[in-house]
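What the coordinates show
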Amino acid sequence: MNGLSISPSAALSRWPWRRWRTAWRRWSLWTLLVVLVLSMLITLVWLAGRYEASQVQDKLERDTANAVADIRSALGRNLQDLQALNAPSRTDADWPARAAQLLQVRRELMRIEWRDAGMHVLGQAETPYRTQQWEDPLRSQEAHPEAALTCTHARRINGPSYSPSYFQLLAEGLGAEMMEVCLPLTQSGHISGFVIGTYNLQSLLIAHVSKNLPRTQEVSFTEPDGTRLALLGASWRGTRMFTAQQLLDLPGSTLVLRMDSWHRAPSVFPNVLTALVTLMSIALVSVVVVLVRDNRRRLRAERDLGDALAFRKAMEDSLVTGLRARDLQGRISYVNPAFCAMVGFTADELLGQDRAPYWPPELAAEYAQRQDHRLSGATPPVREGHESIFMRKDGTRVPVLIFEAPLINAQGQHTGWMSAFIDISEQKRMEEISRASQERLQATARLATVGEMASLLSHELTQPLATISSYATGSLNMLAMAAEDPTGHSSDGKRQGQQLQDLRMIMERISFQASRAGRVIKSVRDFVRRRDQSRQAVSANELLDAILPLITLQARKLDVRVVTEIEPGLPAVYCDPTMVEQVLLNLARNGMQAMDSREITRRELLLRARRVAGDSHGRWVELSVADYGSGIPETVAEQLFTPFFTTRDEGMGLGLSLCRTVVEQHGGQLQHSPHVPQGTVFAFTLPAHTETE
Ligand code: ADP
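Procedures and definitions
Residues numbered from 1 in each chain as written. Predicted model: local features only at pLDDT ≥ 70, side-chain atom pairs only at ≥ 80, totals over all residues. Heavy atoms only, no water. Helix = DSSP H or I, 4+ residues; strand = E, 2+ residues; numbered from the N terminus. Buried < 20%, exposed > 50% of the residue type's maximum accessible area, 1.4 Å probe, protein only. Contact = heavy atoms within 4.5 Å. Areas by Shrake-Rupley, 256 points an atom, 1.4 Å probe, with all protein chains shown as cover. Near = heavy atom within 4 Å. Polar contact = N/O pair within 3.5 Å; in protein donor to acceptor, adjacent residues only side chain to side chain. Core = buried A, V, L, I, M, F, W, Y, C linked by side-chain atoms within 4.5 Å. 1 Å grid on protein atoms, 1.4 Å probe; cavity = no way out; pocket = protein on both sides within 12 Å on 5 of 7 lines; lining within 4 Å. Points joined across faces, edges and corners; volume = space filled by probe spheres on them. Axes fitted to C-alpha atoms, helices over the stretch in contact; angles between N-to-C directions. Left-handed = near helix turned anticlockwise from the far one by under 90°. Nonpolar A, V, L, I, M, F, W, Y, C, P; charged D, E, K, R; others polar. Parallel < 35°, antiparallel > 145°, perpendicular 65-115°, else oblique.

**As for the overall build of the chain**
Assigned secondary structure in the chain consists of 14 helices and 22 strands. Relative to its 693 residues, the chain shows a buried fraction of 38%. Restricting to contacts in the chain with at least 6 residues of sequence separation, those with at least 24 account for 61%. Put simply, the chain shows about 39600 Å² of open surface, and 57% of that area lies on carbon and sulfur atoms.

**Topic: the site of the ligand**
Lining the immediate surroundings of the ligand are 18 residues, of which Asn-590, Asp-627, Thr-646, Thr-647 and Leu-656 lie closest. Within the side chain of Thr-647, an N or O atom sits 2.3 Å from an oxygen atom of the ligand. Within the side chain of Arg-648, an N or O atom sits 3.0 Å from an oxygen atom of the ligand. Listed by contribution, the elements that provide at least two residues to the shell around the ligand are helix 12 (577–594), helix 14 (655–665) and strand 22 (680–687). The greatest single-element share of the shell around the ligand, amounting to three residues, is contributed by helix 12.

**Examining the nonpolar core**
Residues Leu-584, Leu-605, Leu-623 and Phe-684 are the most contacted members of the largest nonpolar core, which totals 46 residues. At the level of elements, helix 10 (493–529), helix 11 (540–558), strand 18 (573–575), helix 12, strand 19 (604–611), strand 20 (620–626), helix 14 and strand 22 are the ones that each hand at least two residues to this core. Examining the composition of this core, we find that nine residues originate from one element, helix 11, more than from any other. Not counting chain neighbours up to four residues away, the residues in contact with Phe-684 comprise Val-580, Val-583, Leu-584, Leu-587, Val-621, Glu-622, Leu-623, Val-663, Gln-669 and Leu-670. If you look at the next biggest cluster of nonpolar residues, it comprises 42 residues, including Val-68, Leu-79, Leu-185 and Leu-257.

**Observations concerning empty space enclosed by the protein**
If you walk through the whole model with that rule in mind, you get five cavities of 30 Å³ or more. Lining the largest cavity, in full, are Arg-324, Arg-326, Trp-359, Tyr-367, Arg-370, Gln-371, Arg-374, His-386, Phe-390, Ile-402 and Glu-404. Of all the secondary structure elements, the ones that give two or more residues to the lining of the largest cavity are strand 11 (322–327), helix 8 (361–375), strand 13 (386–391) and strand 14 (397–408). Top element by residues in the lining of the largest cavity is helix 8. It accounts for four residues.

**Re the packing of helix 12 against helix 14**
Relative orientation and spacing of two packed helices are given, respectively, by the angle between their axes and the distance between those axes. Close contact between helix 12 and helix 14 brings their axes to 10 Å; oriented N to C, the two are set at 145°. Seen from above, helix 12 lies across helix 14 with left-handed handedness. Two secondary-structure elements touch here, helix 12 through Met-579, Val-583, Asn-586, Leu-587 and Asn-590 and helix 14 through Gly-655, Leu-656, Cys-659, Val-662, Val-663 and Gln-665. For the contact of helix 12 with helix 14, the class distribution of residues is seven nonpolar, four polar and no charged.

**With respect to the packing of helix 11 against helix 12**
Across the interface, helix 11 lies against helix 12 with an axial gap of 10 Å and an inter-helix angle of 25°. With respect to helix 12, the element helix 11 is oriented roughly parallel. Helix 11 and helix 12 meet at a crossing whose hand is right-handed. Of helix 12, the residues touching helix 11 (which contributes Leu-543, Leu-544, Ala-546, Ile-547, Leu-550, Ile-551, Gln-554, Ala-555 and Leu-558) are Pro-577, Val-580, Glu-581, Leu-584, Leu-585, Ala-588, Arg-589, Met-592 and Gln-593. Classifying every residue of the contact of helix 11 with helix 12 by side-chain character gives 14 nonpolar, two polar and two charged.

Fair warning: the whole summary comes from geometry, so function is off the table for now.
What follows is the structure, encoded as structure tokens:
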């Protein structure tokens, strides 16, 4: 989850290369898969074709072997029949008839001869199926050379012997491939003669192979070198030929039986098996296509997910809000870059920690307790946030505002806590600056008030000073008169005593007026000097007493009567007295100025302190200043609290806006309403002092 270890610029520079490599790997894999599937399909089709060919070949081999076996058994049977011609029980006179009978049923035999041991003809018969007679007239007298050789061999082995095949010209230019068989006849252990049969190889094939021969097959006797001797079959020829050969091993001669089978050109789907394999291959290819599509969809989803993740990461990285996730054991499982920047630790230093290194040592115990409390699940998350102090790696403190929420995973399980942090050091600094400037503004406003008061002061001081001056002059006169009196020494003590008494009285009055002037000056100086910021419990009485001398100064000048009214048993007010005094002074001054007109006949300023109506718990105290002045028109009321708004030539327009700020800082409200029957009431609330504070 934490990707902070890769710098974005490095990731960007590596991106095209990585992308190219991923694409190449993906495509090469797919190409490999397609090549493998295709080669497998081709191999399967080829193997199926081969299998079918081998089946055909096997069948052909079997057919050939069967044909050879058929021929062999036929030859064996014929040998028996030839042997039977000269059976001892038979008479020699019947021999030609017997031989003719045999030739009638054995069509492959062309001729049968009976010769004595010296190879002289004793009897002979020819096949009735061939009208043409042997061309060789000698045949009846002398044995055919092949027959003679075969009989020699038969004599030697004392058993039947076959001759190699030979071509025999027949009548009318025809010819046929023949083979002789010589069967020695024995009488009391001596060879008494021979029975020689002549086989027509072609007829042999017709008689014993043609029955089972399909139209597509061709059977032939060949010599070992491949020369065809006799051929049969194959009325239909295809484009592909299968061949099988089998040796027909006979005593004295060996023939090769060759069978050729013709087939159609090998098709792509030669049989069901191949078709099945092909179907399966098509199914396989379809599955691959579906897989490819699925993979493409997956890739798209992956890309979308990647985009979403990148978007989320960019969002997280651009956040100025610090984010931190903790699991249910309190271990940090995630921090974002803004959080790392806030506390000055790297993600690696923070992840997995359950006692965070950014907790200031002096607060660590409290924080640990708070964390345990949170992890125990005893309290719901504080959505409105709470302030806390963290310690940066360099030891400096940073005030933060924390919002916590439970971390719920996709399965809806509670897996930990997610916290958002806002660095409020700047906000705090601004608040401090604003507070300081507010203070400065208030000091300025106070000084402005003092400036205004200076004229009142001079007016107020003229009276005691004039009195002092006239008393001083009177004293001087009295002193001068006493000095000029020549009878001073002798005058009566009564008059002297009277003068001294007058002088004391004058001095006392001078002293009284001087202390009165001093008090006036002191009250102004106190107001300017007092800069105590702390809040404290102060009674409404004390607040009003503190400002009354100053109000009276102006009231006297403007001929206004000041009335104070304090509700009995009123609780003390918890406030910053200096500020609240200034608010009262401002409101009183505004009220008196509103009555500074000839038309106003009732010049009375009412300063009142009482409980707030409807506040049964006595939490608030209301202070109000009511006048009988001109009242506030609608247009003025709209801008009343706007700084620098004033209707007076010498006004600054700061008074009411400052008043409202001060009241709101105390948690109260400043409101104005018309005063019945005439004028305006400005009223504000302040928190009452409770014992716990
Ligand atoms: P300043 O007194 O310097 O003009 P303030 O903010 O105290 O500034 O007052 C703003 C304006 O509100 C005054 O100029 C005056 O027109 C009006 N105002 C304030 N108090 C009263 C009042 N009691 N009766 C009528 N008008 C008032």
